[in-house]
Amino acid sequence: MPKNKGKGGKNRRRGKNDNEETKRELEYKEAGQEYAQVIRMLGNGRCECFCFDGVTRLGHIRGKMRKKVWVTAGDIVLCGLREFQDEKLDIIHKYTADEARNLKTYGELPETARINETAVDLAMEGDGSDDDIGIDFDDI
């Protein structure tokens, strides 16, 4: 049987927390990129994103970020727009809540952008109509 030369298996690597919170430089959008907010996760590394140019697109989490950076509903992300498919985009970078607040104060994100909002909050606010379901109890 071969001798073990390593320092443990995959469970040891899983237990490590290499990426402690370090101060990283704020990434701004360039040409062909847009800021977006994740509306809901669809599975298989895909999600529905509301870009701050006013269009809702299908987002795809890039391979380098999959299983390393967890993207959830309500997160502010930097996306690369596809030249050949306008309805799809690629998620390049996920901003923390502090970074998103900094982007908002610098004027990169619109004032209407909501940071740390869950999918339920976004859906409740969605259409802006009354919660009237058509039943009037005064008539009964």
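Just above, that's the structure.
Residues numbered from 1 in each chain as written. Predicted model: local features only at pLDDT ≥ 70, side-chain atom pairs only at ≥ 80, totals over all residues. Heavy atoms only, no water.

**Examining the packing of aromatic side chains**
Applying the stated rule across the entire model yields two aromatic pairs. Where Tyr35 meets Tyr95, the ring centres are 6.1 Å apart and the plane angle is 50 degrees; that geometry is what we call tilted. Linking Tyr35 in strand β1 (residues 33-43) with Tyr95 in the loop between β5 (88-94) and α2 (97-105), this pair joins segments that are 60 residues apart in sequence. Each member of the pair, Tyr35 as well as Tyr95, carries the same accessibility label: buried. With centroids separated by 6.3 Å and ring planes inclined at 90 degrees, the aromatic side chains of Phe50 and Phe52 adopt a geometry described as edge-to-face. (Phe/Tyr/Trp six-rings, centres within 6.5 Å; stacked < 30°, edge-to-face > 60°. Helix = DSSP H or I, 4+ residues; strand = E, 2+ residues; numbered from the N terminus. Buried < 20%, exposed > 50% of the residue type's maximum accessible area, 1.4 Å probe, protein only.)

**Here's the deal with the pattern of salt bridges**
Inspection of the entire model under this criterion finds eight salt bridges. Across the pair Glu34 and Lys29 runs a salt bridge, and its minimum N-O distance is 3.6 Å. A salt bridge links Asp98 to Arg101; its shortest N-O distance comes to 2.7 Å. With Asp98 and Arg101 both in helix α2 and three residues apart, the pair spans about one turn of that helix. Salt bridges linked by common partners bring Asp53, Arg57 and Asp86 together as one network. (Salt bridge = Lys/Arg side-chain N within 4 Å of Asp/Glu carboxyl O.)

**Some remarks on the pairing of strand β3 (residues 56-61)**
Burial along β3 is one-sided: Arg57, Gly59 and Ile61 are buried, and none of Thr56, Leu58 and His60, which face the opposite way, are. Direction of pairing for strand β2 (residues 46-51) relative to β3: antiparallel, over a ladder of five bridges. Paired with Glu48 across the bridge in β3 is Leu58. Where β2 folds back on β3, the antiparallel hairpin that results is connected by four residues, among which Gly54 adopts a positive phi of roughly 100 degrees. Alignment of β3 against β5, held across four bridges, turns out to be parallel. Within the sheet, the bridge partner assigned to Leu58 lies in β5 and is Lys88. (Pairing = 2+ DSSP bridges.)

**Here's the deal with the nonpolar core**
Ala36, Val38, Cys47, Cys49, Cys51, Ile61, Met65, Val71, Val77, Cys79, Leu89 and Ile91 together form the largest nonpolar core, which totals twelve residues. Mapped by element, the contributors of at least two residues to this core are β1, β2, β4 (76-81) and β5. With three residues, β2 is the largest single contributor of residues to this core. In this structure, Val77 is in contact with Glu34, Tyr35, Ala36, Val38, Val71, Ile91, His93, Lys94 and Tyr95, ignoring residues within four places of it in sequence. Counting eleven residues, the second largest nonpolar core, distinct from the first, contains Tyr35, Phe52, Tyr95 and Ala100. (Core = buried A, V, L, I, M, F, W, Y, C linked by side-chain atoms within 4.5 Å. Contact = heavy atoms within 4.5 Å.)

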